[in-house]
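Chain by chain, the residues:
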Amino acid sequence: MEDESKLRAFEARIEAGEKIEPKDWMPERYRKQLIRMISQHAHSEIVGMLPEGNWITRAPSLRRKMGLLAKVQDEAGHGLYLYCSAETLGVDRSEVVDQLLYGTAKYSSIFNYPTLTWADIGTIGWLVDGAAIVNQTMLAKCSYGPYSRANIRICKEENFHKKQGYEIVATMAKGTPEQKRMVQDAVNRWWWPSLTMFGPPDKDSPNSAELMKWQVKLQSNDELRQRFVNLTVPQASVVGVALPDPDLKYNSKTGNWDFGALNWDEFFAVIKGNGPCNRQRMRARRIAHENGKWVRDAAGAYAAKKRAA
Ligand code: 3HC
């Protein structure tokens, strides 16, 4: 009975647009859903450093190298804000990191695709960071205070990443025939995974109803996917690259760009660990974690010494 009245008060606060803070009462399902989602988001930021980090030593100029370095460092920072945000819900960081390293936690499907040429770096900034911004601008308004505030900051930085990527795409799209070919090839490969990144269709999304009821999500997977397509089609035409979908067509009745069927079999295979780079990504993360052990040990020992002093 007590929980019933607490639940009603909790839902009334959300209805009134108040933020829920770490020490406030919350239903166990809300806590669990947030830990799942925030830790998955944190893992995505960290694993997302790998496909791009791969190009730091091969960036075509010093300016490009500096931009890419800063972007990859920003992603590490996002991972840290998000792990801190998950910790406010009472979970230990090492526990969620272990879930990633031992394969029980998911991270974004998108980072299981390879970065074959420099044009992939521009295309990821434009499409992948662009898709992330659409999703995270919504999450910046979510009902859980620490996650909402983390996303406000993340979106500011992701906007810079998107501009940087779009500028690379624009430069290559008006470059030599080889550069044009490279950029078109990268867009052909990243377009469809960027759309499935928003998650399964609403009818197949088991978590959406609960997350929307508690205003963690304010829009559904399909609504966000459509918003991303609507924003991106004109951007593609400005730089003169083609989006690889013969069914892409403006629908004057709905005001949306209709698009072709997505490959959900591929998406589910990727999130089950069978994408082109899943094993490579996890191997790299496990090695990095092992190599970072001495830093964690030293930081832990320093903190313990300060507490004792
Ligand atoms: N990749 C991997 N798994 C995915 C996925 C994706 N693109 N989309 C959905 N899933 C998983 C869900 O996690 C869920 O699995 P689980 O129940 O075992 O955890 C299952 O598929 C069913 O999907 P649902 O639609 O029911 O799941 P959600 O309601 O949680 O929606 C989501 C999925 C849209 C990814 C949502 O969790 C979300 O918005 N998460 C926070 C944002 C995030 O993680 N973004 C990652 C982007 S990467 C990034 O921002 C890095 C930047 O540098 C580009």
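The rules behind each value
- Residues numbered from 1 in each chain as written.
- Predicted model: local features only at pLDDT ≥ 70, side-chain atom pairs only at ≥ 80, totals over all residues.
- Heavy atoms only, no water.
- 1 Å grid on protein atoms, 1.4 Å probe; cavity = no way out; pocket = protein on both sides within 12 Å on 5 of 7 lines; lining within 4 Å.
- Points joined across faces, edges and corners; volume = space filled by probe spheres on them.
- Helix = DSSP H or I, 4+ residues; strand = E, 2+ residues; numbered from the N terminus.
- Nonpolar A, V, L, I, M, F, W, Y, C, P; charged D, E, K, R; others polar.
- Phe/Tyr/Trp six-rings, centres within 6.5 Å; stacked < 30°, edge-to-face > 60°.
- Buried < 20%, exposed > 50% of the residue type's maximum accessible area, 1.4 Å probe, protein only.
- Near = heavy atom within 4 Å.
- Polar contact = N/O pair within 3.5 Å; in protein donor to acceptor, adjacent residues only side chain to side chain.
- Areas by Shrake-Rupley, 256 points an atom, 1.4 Å probe, with all protein chains shown as cover.
- Sits in = over half its atoms within 2 Å of the grid points.
- Salt bridge = Lys/Arg side-chain N within 4 Å of Asp/Glu carboxyl O.
- Core = buried A, V, L, I, M, F, W, Y, C linked by side-chain atoms within 4.5 Å.
- Contact = heavy atoms within 4.5 Å.
- Expected span 1.5 Å × (residues − 1).
- Bend = angle between axes of the 7 residues up to and from the residue.
- Axes fitted to C-alpha atoms, helices over the stretch in contact; angles between N-to-C directions.
- Parallel < 35°, antiparallel > 145°, perpendicular 65-115°, else oblique.

Enquirer: Could you give an account of the layout of surface pockets, naming the residues involved and the relevant values?
Expert: Roughly 1,100 Å³ of internal volume is contained in the largest pocket. Along its surface, the largest pocket is lined by 48 residues, and Arg36, Gln40, Ser108, Met197 and Gly199 are the ones closest to its centre. If you list the elements that add at least two residues to the lining of the largest pocket, you get helix H2 (28–47), helix H4 (62–87), helix H6 (118–139), helix H7 (145–173), helix H10 (221–239) and helix H11 (264–274). Take the lining of the largest pocket: its biggest share by element is nine residues, from H6. Of the residues belonging to the lining of the largest pocket, the class tally is 20 nonpolar, 18 polar and ten charged. Around the second largest pocket, the lining is made up of 15 residues, and of these Arg93, Val97, Arg285, His289 and Arg296 lie nearest the centre.

Enquirer: A description of the packing of aromatic side chains should follow, citing residues and the corresponding values.
Expert: Using the criterion set out here, one finds 13 aromatic pairs in the structure. When the centroid spacing of 6.1 Å and the interplanar angle of 80° are considered together, the rings of phenylalanine 10 and tryptophan 25 count as edge-to-face. Highlighted residues: phenylalanine 10 in helix H1 (residues 2–15) and tryptophan 25 in the loop between H1 and H2, separated in sequence by 15 residues. Residue phenylalanine 10 is classed as buried on the basis of its relative accessible area, which comes to 3%. The partly exposed category is assigned to tryptophan 25, whose relative accessible area is 30%. With a centroid separation of 5.9 Å and 85° between ring planes, the pair formed by tyrosine 30 and tryptophan 214 is classed as edge-to-face. Taken as a pair, tyrosine 30 in helix H2 and tryptophan 214 in the loop between helix H9 (208–213) and H10 lie far apart in primary sequence, 184 residues in all. An aromatic cluster is present here, built from Phe10, Trp25, Tyr30, Tyr144 and Trp214 joined pairwise through their rings.

Enquirer: How would you explain the site of the ligand if you had to name every residue and give the values?
Expert: Around the ligand lies a shell of 33 residues, among which Gln40, Lys106, Gln136, Ser205 and Lys217 are the nearest. Within the contact set of the ligand, an oxygen atom lies 2.7 Å away from a side-chain nitrogen or oxygen of arginine 36. Here the ligand loses 91% of its free accessible area of 1,000 Å² to cover by the protein chains. Under a 2 Å grid-point criterion requiring more than half of the atoms, the pocket assigned to the ligand is the largest pocket. For the shell around the ligand, the elements supplying multiple residues, two or more each, are H2, H6, H7, H9 and H11.

Enquirer: Which residues make up the pattern of salt bridges, and what are the values?
Expert: Here the structure, examined in full by the defined rule, presents 18 salt bridges. A salt bridge links glutamate 18 to arginine 13; its shortest N-O distance comes to 2.7 Å. Ionic pairing is found between glutamate 167 and arginine 63, a salt bridge with its closest N-O pair at 3.3 Å. Of the two residues, glutamate 167 sits in helix H7 while arginine 63 sits in helix H4, which places them 104 residues apart along the sequence. Given the relative accessible area of 32%, glutamate 167 is considered partly exposed. Given the relative accessible area of 55%, arginine 63 is considered exposed. Each of Glu52, Lys71, Glu75 and Asp129 takes part in a single network of salt bridges with overlapping partners.

Enquirer: Account for the nonpolar core, naming residues and giving values.
Expert: Ranked by size, the top nonpolar core spans 75 residues in total, and within it Tyr30, Tyr144, Tyr147 and Val241 carry the most contacts. For this core, the element with the highest residue contribution is H6, accounting for eleven residues. Residue contacts for tyrosine 144: discarding those within four places in its chain leaves Ile20, Glu21, Pro22, Met26, Tyr30, Leu34, Ile38, Ser85, Thr88 and Leu89.

Enquirer: Any chance you could break down H6 for me, citing the residues and the numbers?
Expert: Here H6 spans 30 Å end to end across 22 residues, near enough to the 32 Å set by a 1.5 Å rise per residue. At isoleucine 124, H6 shows its strongest bend, of approximately 35°. In terms of burial, H6 is a largely internal element, 20 of the 22 residues being buried.

Enquirer: Give a description of unusual backbone geometry that names residues and reports values.
Expert: Even without a glycine there, the phi angle at glutamine 215 is positive, about 55°. With respect to the element layout, glutamine 215 can be found in the loop between H9 and H10. For glutamine 215, a relative accessible area of 24% corresponds to the partly exposed category.

Enquirer: Outline the packing of helix H12 (residues 278–291) against helix H13 (residues 293–308), supporting the account with residue identities and numerical values.
Expert: Each pair of packed helices can be described by the angle between their axes along with the distance between the axes. Where H12 contacts H13, the axes come no closer than 4 Å and their chain directions differ by 40°. Classed by the angle they form, the pair H12 and H13 counts as oblique. Residues His289, Glu290 and Asn291 of H12 touch H13, and the partners they reach there are Lys293, Trp294 and Arg296. Partitioned by chemical class, the residues of the contact of H12 with H13 number one nonpolar, two polar and three charged.

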